[in-house]
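Spelled out from the first residue to the last, the chains are:
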Amino acid sequence: MNPHVMEIGAYSFGDTPLNPDGSPRATAEAIRNLHAAIVHADAVGLDYFGVGEHHTVSMPASSPGAVIAAAAAATDRIILGSAASIISTDDPVRIFQQFATADAISGGGRIEITAGRGSSVETFPLFGHDLADYDELYADKLDLLMTLNDSAAEQVSWSGQRRPAIPGLAVVPRPVEGKLPIWLATGGNAGSSARAGQLGLPVSYGIIGGAPQRFAPLAELYRRSAAQSGHAPGATKVSVAALGLVAPTKKEALERMYPGWHNLNVEMGRLRGWPAPDRNAYLAQADAPGAYYVGDPDDVAERIVHLHGYLGHIRHFLQMDIGGLPQEHFLESLTLLATEVKPRVERLLARD
């Protein structure tokens, strides 16, 4: 990719709307809103939209493949991918088939898979897996997913430790262009960066706290591991997923995002033992060098380009719809991201 071109996008786990009293509305409404947002993102010119996998009442996008297949039929140019598919607790054959199906619907070349271990450990009891098998499940199923994708024929053979073998069986449909792009998602684990480099896979960093430039050593480790494993420099790609929201002014962006951030952290604290939300912590993360890209178009564009100087990433995408964010604010943020932030990023990169 041209170093002066940056793909700008968004991702979502679905966001269940709230009633005036704070109670959740129907999770089905969240999925309809998500579909509408993806169609809108395509119409305004956003480059990428990722659908993550969560299984909570507030974030009910539990089936990225189904959402992406529907979006593939309703969009024309936007790249669609999982952000991420939790392959440790799902079946890679079904994930591959679902995304290859979406690829066929799209006409080919717009569908990607991002494979993750899953910070949302709720999937382990939900699908009958033991959390103690976390690492073994991921390694085994990532190998199967890559074997399926690399196969030149419909018939696939594979054997591993944590899933029954596949003895030369057809896995269909095949992707339109032969293979799907597969990214490896990580929240900052050094071993995952090295693994992505060794396998020659693009890496996607989920940065949800702290100074984003602290990921620079991990990106360096990733590229060094790829080079040591004989992969060409063109095979190494870095993307960044982060929290954020764009509004006409930074004040509006901060005010719009905070209620949802607070709601999300209250829920996650209940599920995972996080501390109580702290508004000062939120404000600290929303200013450089914090991890939240919350601001007006100039502020967000400048911070994306600043991080590019450390990571050399080629895609930056934001999770904006959290904790019951009103749909109109989400859609406006998507519009500003495509029409205001993206051209600013391109101009700033062209100066370097």
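Read on for an overview of the structure. (Residues numbered from 1 in each chain as written. Predicted model: local features only at pLDDT ≥ 70, side-chain atom pairs only at ≥ 80, totals over all residues. Heavy atoms only, no water.)

## So, the overall build of the protein chain
Working step 1: Helix and strand counts for the protein chain come out as eleven helices and twelve strands.
Working step 2: In terms of overall dimensions, the protein chain has a C-alpha envelope of 60 × 50 × 40 Å along the principal axes.
Working step 3: The buried share of the protein chain, taken over its 352 residues, is 54%.
Working step 4: Relative to all contacts within the protein chain whose residues are 6 or more apart in sequence, the contacts with residues 24 or more apart total 72%.
Working step 5: Accessible area for the protein chain stands at about 14,200 Å²; split by element, carbon and sulfur atoms hold 54% of it.
Working step 6: The averaged location of the 38 negative side-chain charges in the protein chain is 2 Å from the averaged location of its 28 positive side-chain charges. (Helix = DSSP H or I, 4+ residues; strand = E, 2+ residues; numbered from the N terminus. Buried < 20%, exposed > 50% of the residue type's maximum accessible area, 1.4 Å probe, protein only. Contact = heavy atoms within 4.5 Å. Areas by Shrake-Rupley, 256 points an atom, 1.4 Å probe, with all protein chains shown as cover. Lys, Arg positive; Asp, Glu negative; His and termini not counted. Charge placed at Lys NZ, Arg CZ, Asp CG, Glu CD.)

## Here's the deal with the packing of helix α6 (residues 190-199) against helix α7 (residues 216-228)
Working step 1: Running from N to C, α6 and α7 point in directions that differ by 30°, and their axes come no closer than 7 Å. In this structure, α6 crosses over α7, and the sense of that crossing is right-handed. On the side of α6, the interface is formed by Ala190, Ser193, Ala194, Ala196, Gly197 and Gln198, while α7 contributes Leu218, Leu221, Tyr222, Ser225 and Ala226. (Axes fitted to C-alpha atoms, helices over the stretch in contact; angles between N-to-C directions. Left-handed = near helix turned anticlockwise from the far one by under 90°.)

## Quick word on the side chain of Arg303
Working step 1: Mapped onto the fold, Arg303 is located in helix α10 (residues 297-311).
Working step 2: This buried residue, Arg303, is left without a salt bridge; Asp299 holds the nearest opposite charge, at 4.8 Å.
Working step 3: Apart from the residues within four sequence positions on either side, Arg303 is in contact with Gln285, Ala286, Asp287, Ala288, Pro289, Gly290, Ala291, Tyr292, Tyr293 and Val294. (Salt bridge = Lys/Arg side-chain N within 4 Å of Asp/Glu carboxyl O.)

## Details of the nonpolar core
Working step 1: One finds Leu46, Phe49, Leu80, Tyr205, Leu334 and Val345 to be the most contacted residues of the largest nonpolar core, which totals 98 residues.
Working step 2: It is helix α11 (residues 327-351) that contributes the most residues to this core, nine residues altogether.
Working step 3: Residue contacts for Tyr205: discarding those within four places in its chain leaves Thr186, Ser193, Phe215, Leu218, Ala219, Tyr222, Val238, Ser239, Val240 and Ala241. (Core = buried A, V, L, I, M, F, W, Y, C linked by side-chain atoms within 4.5 Å.)

## Some points on α7
Working step 1: Helix length check: α7, at 13 residues, gives a terminal C-alpha distance of 18 Å against a target of 18 Å (1.5 Å per residue), a fit within 8%.
Working step 2: Of the positions making up α7, those classed as buried are Ala216, Leu218, Ala219, Leu221, Tyr222, Ser225 and Ala226. (Expected span 1.5 Å × (residues − 1).)

## Concerning the environment of Glu220
Working step 1: Tracing the chain through its elements places Glu220 in helix α7.
Working step 2: Considered as a pair, Glu220 and Leu311 are 91 residues apart in the sequence and their alpha carbons are 8.0 Å apart.

## A few points about unusual backbone geometry
If a residue is not glycine, its phi is most likely negative; likewise, a peptide bond is most likely trans.
Working step 1: Residue Pro173 follows Val172 across a cis peptide bond; omega there is 0°.
Working step 2: By the secondary structure assignment, Pro173 is in the loop between β7 (166-170) and β8 (182-186).
Working step 3: Cis geometry is found at the peptide bond from Ala288 to Pro289, where omega equals 5°.
Working step 4: Structurally, Pro289 can be placed in the loop between α9 (279-285) and β11 (293-295).

## Thoughts on the environment of Ser225
Working step 1: By the secondary structure assignment, Ser225 is in helix α7.
Working step 2: Measuring from C-alpha to C-alpha, the distance between Ser225 and Lys237 comes to 13 Å, with twelve residues separating the pair along the chain.
Working step 3: Leave out the neighbours within four places in its chain, and Ser225 touches Ala194, Gly197 and Gln198.

## Details of the pattern of salt bridges
Where side chains of opposite charge bring their charged atoms close, a pairing between them can arise.
Working step 1: Taken as a whole, this structure holds 18 salt bridges when the rule is applied.
Working step 2: Between Asp47 and Arg77 there is a salt bridge; the shortest N-O distance is 3.5 Å. Linking Asp47 in the loop between α1 (27-44) and β2 (48-51) with Arg77 in the loop between α2 (64-74) and β3 (79-82), this pair joins segments that are 30 residues apart in sequence.
Working step 3: Relative accessible area serves as the criterion here: at 10%, Asp47 is assigned to the buried category.
Working step 4: Here the salt bridges do not stand alone but share partners, grouping Asp47, Arg77, Lys342 and Glu346 into one network.

## Description of the pairing of β2
Working step 1: Here β2 shows two buried faces, one formed by Tyr48 and Gly50 and the other by Phe49 and Val51.
Working step 2: Assessed by its sense of winding, the connection that carries the chain from strand β1 (residues 7-12) through α1 to β2 is right-handed.
Working step 3: Sheet topology places β2 next to β3; four bridges connect them, and they run parallel. Across the sheet, Phe49 pairs through a bridge with Leu80, a residue of β3.
Working step 4: With α2 bridging β2 and its parallel neighbour β3, the resulting β-α-β unit is right-handed. (Right-handed = clockwise from strand over helix to strand, strands pointing away. Pairing = 2+ DSSP bridges.)

## Quick word on the packing of aromatic side chains
Working step 1: Under the definition given, this model contains nine aromatic pairs.
Working step 2: Ring geometry for Phe124 against Tyr134: centres 5.8 Å apart, planes inclined by 25°, an arrangement best described as stacked. Placement of Phe124 in helix α4 (residues 123-126) and of Tyr134 in helix α5 (residues 134-150) is noted, with a sequence separation of ten residues between them.
Working step 3: A relative accessible area of 1% places Phe124 in the buried class. (Phe/Tyr/Trp six-rings, centres within 6.5 Å; stacked < 30°, edge-to-face > 60°.)

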